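Survey of secondary and tertiary structure
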Amino acid sequence: MVSKQNPPRLRIQALGVRFGGLDALVDVDLEVHDGEVVGLIGPNGAGKTTLFNAVCGLTRPRTGTIEISGAPAPRRPHQLTAAGVARTLQGLGVLPGLSVRENVLVGVLDRPGHAEAALERAGLTHRAAEPVGALPYPEQKRVALARALATRPHLLLLDEPAGGLGPDDVHDLTTTIRDVATDDCAVLLVEHHVDFVMGVCDRVVVLDFGRVIATGRPDDVRRDPAVEQAYLGITVNR
Ligand SMILES: Nc1ncnc2c1ncn2[C@@H]1O[C@H](COP(=O)(O)OP(=O)(O)OP(=O)(O)O)[C@@H](O)[C@H]1O
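Under an unreviewed UniProt entry, the name given to the chain is Branched-chain amino acid transport system ATP-binding protein, and the organism recorded is Kineosporia succinea.

Here it is as structure tokens:
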């Protein structure tokens, strides 16, 4: 259930990012609350990764504020982890020569029990001793997710979690993500797989050329003419 009593896990206000002469994000507002799964979608180059990078302190905003649990977002990785933020990367970001368990332990060396619980949640316990590089791609993606879950995040940022997955794996991923979004965890995900987004998200925010052009429930956003136009890239003259 979405909790709106506490400050949002993530509150972005009037965020602007510029690279040279290019406005990658313009006046972006976005909130994600505990118990909520929010999808950030938009065509290539819309600014989705830039927004994630700004939240994680990798890109310095030109304007606006980013708050996590009511406090200004820290910029250093260990501070972000302490603030309860975890992120998976586009692609895999795993260490193929290490075992599944070692990959998941990397960020929680002092809490091996958290790693074991994350392995179980991601359905990887039976693979724990195997080198990640020997697993099929969908299971390698699960390792990346398990590593993020092991930190017991309050704000989970997922960058294209369904990329390269088939229907069965997408179904399992949907179940896991819905399970993770609880009273003390909010999920923000970037994804191109529209059916997955529509199936897993409570709310969808659509970016185009760095601006929010639509926000709302998945079904409403899907029917929004501005969204159709952004994806098709055409204007229909009537
Ligand atoms: N470090 C950078 N320097 C200059 N321009 C950048 C930089 N990073 C991103 N951009 C530009 O900013 C815009 C937004 O890029 P971004 O990667 O955030 O889009 P995206 O929505 O994540 O795209 P995709 O779906 O292809 O991953 C693009 O025009 C991109 O070329």
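1. Points about the overall build of the chain
From N to C terminus, the chain includes nine helices and 10 strands. Over its C-alpha trace the chain gives a radius of gyration of 18 Å, about what one expects of a compact globule, namely 18 Å for 238 residues. For the chain, the spread of C-alpha atoms along the three principal axes comes to 60 × 40 × 40 Å. Considering only contacts within the chain whose residues lie at least 6 apart along the sequence, 67% involve residues at least 24 apart.

2. Brief notes about the pairing of strand S9 (residues 203-208)
The buried fraction of S9 is high, at five of six residues. In terms of strand pairing, strand S3 (residues 37-41) meets S9 through four bridges, oriented parallel. Bridge pairing links isoleucine 41 to valine 206 in S9. As paired strands, S9 and strand S10 (residues 211-216) are joined by five bridges and run antiparallel to one another. Paired with valine 205 across the strands is threonine 215, a residue of S10.

3. Structural notes on the site of the ligand
Surveying the vicinity of the ligand reveals the residues Phe19, Leu22, Ala24, Gly42, Asn44, Gly45, Ala46, Gly47, Lys48, Thr49 and Thr50. The greatest single-element share of the shell around the ligand, amounting to three residues, is contributed by helix H1 (residues 48-55). Class assignment for the residues of the shell around the ligand results in four nonpolar, six polar and one charged.

4. Some words on the sheet that holds strand S2 (residues 22-32)
Taken together, the four strands give an open sheet; going across it, the order is S2-S1-S4-S5, and neighbouring strands pair in antiparallel fashion. Since the sheet does not close on itself, it has two edges, and those belong to S2 and strand S5 (71-72), each with one partner. Relative to S5, strand S4 (residues 63-68) runs antiparallel, the two sharing two bridges. Across the sheet, isoleucine 68 pairs through a bridge with alanine 71, a residue of S5.

5. A look at the sheet that holds strand S6 (residues 85-88)
Ordered by their spatial adjacency, six strands build an open sheet running S6-S7-S8-S3-S9-S10, and the pairing between neighbours is mixed. Across the chains shown, the open sheet's two edge strands, defined by having one partner strand only, are S6 and S10. Strand-to-strand, the axes of this sheet are offset by a mean angle of 15°, without reference to chain direction. Bridge count between strand S7 (residues 155-159) and strand S8 (residues 186-190): five bridges; the pairing is parallel.

6. Topic: the environment of isoleucine 68
Tracing the backbone shows isoleucine 68 in strand S4. Once the C-alpha coordinates of isoleucine 68 and arginine 9 are considered, the two residues, 59 residues apart in sequence, prove to be 5.1 Å apart.

7. Quick look at the nonpolar core
Ranked by size, the top nonpolar core spans 67 residues in total, and within it Leu40, Val104, Ala146, Val187, Leu188 and Val206 carry the most contacts. A total of seven residues in this core trace back to one element, the largest contributor, which is helix H5 (residues 137-150). Other than its neighbours up to four places away in sequence, leucine 188 contacts Leu10, Val32, Val38, Leu40 and Leu157.

8. A closer look at the pairing of S3
Of all five residues that make up S3, five are buried, and the element is covered over most of its length. Side chains Val37, Gly39 and Ile41 project from S3 onto one buried face, and the interleaved Val38 and Leu40 project onto a second face that is buried too.

9. Side note on H5
Given a rise of 1.5 Å per residue, 14 residues ought to cover 20 Å, and the 20 Å separating the end C-alpha atoms of H5 matches this to within 8%. Of all the 14 residues making up H5, 11 are buried; the element is thus mostly covered by neighbouring parts of the structure. Those residues of H5 that sit buried are Gln140, Lys141, Arg142, Val143, Ala144, Leu145, Ala146, Arg147, Ala148, Leu149 and Ala150. One or two residues past the end of H5 sits arginine 152, with phi positive at roughly 55°.

10. Remarks on the packing of helix H4 (residues 112-121) against H5
Running from N to C, H4 and H5 cross one another at 140°; their axes reach a closest spacing of 8 Å. The angle between H4 and H5 places the two elements in the oblique class. Between H4 and H5 lies a crossing of right-handed hand. Contact residues: H4 offers His114, Ala115, Ala118, Leu119 and Arg121, while H5 offers Ala146, Leu149 and Ala150.

Cut-offs applied
- Numbers given for residues are sequential positions, taken from 1 along each chain in its written order.
- Local features in a predicted model are, by the rule used here, given only for residues with pLDDT of at least 70; side-chain atom pairs are given and counted only at 80 or more, and totals for whole chains, interfaces and linings are based on all residues.
- Here a strand is any run of E in DSSP of at least two residues, a helix any run of H or I of at least four, and the numbering for each starts at the N terminus.
- A radius of gyration in this sense is built from C-alpha atoms; the matching globule rule multiplies 2.2 Å by the number of residues raised to 0.38.
- Note that contacts rest on C-beta atoms placed from the backbone: two residues are in contact if these are within 7 Å.
- Whether a residue is buried, exposed or partly exposed follows from its count of other C-beta atoms within 10 Å of its own C-beta, namely 20 or more, 12 or fewer, or something in between, respectively; the C-beta atoms are built from the backbone.
- Strand pairing follows a simple DSSP-based rule, namely that at least 2 bridges must link the two strands.
- For each residue, a C-beta position is placed from the backbone atoms; the residue is near a molecule or strand when that point lies within 6 Å of it.
- Charged residues are taken to be Asp, Glu, Lys and Arg, nonpolar residues to be Ala, Val, Leu, Ile, Met, Phe, Trp, Tyr, Cys and Pro, and polar residues to be all remaining types, Gly included.
- Lines are fitted to the C-alpha atoms to define the axes, a helix being fitted only along its stretch in contact, and any angle between axes, read from their N-to-C directions, falls within 0 to 180 degrees.
- Each nonpolar core comprises buried Ala, Val, Leu, Ile, Met, Phe, Trp, Tyr and Cys residues, the members being joined through C-beta atoms within 7 Å.
- In this scheme, a helix's expected span is set at 1.5 Å multiplied by one less than its residue total.
- Small angles under 35 degrees read as roughly parallel and large ones over 145 as roughly antiparallel, with 65 to 115 read as roughly perpendicular and the rest as oblique.
- Definitions for this section: a left-handed crossing has its near helix turned counterclockwise from the far helix by less than a right angle. A right-handed crossing has that turn clockwise.

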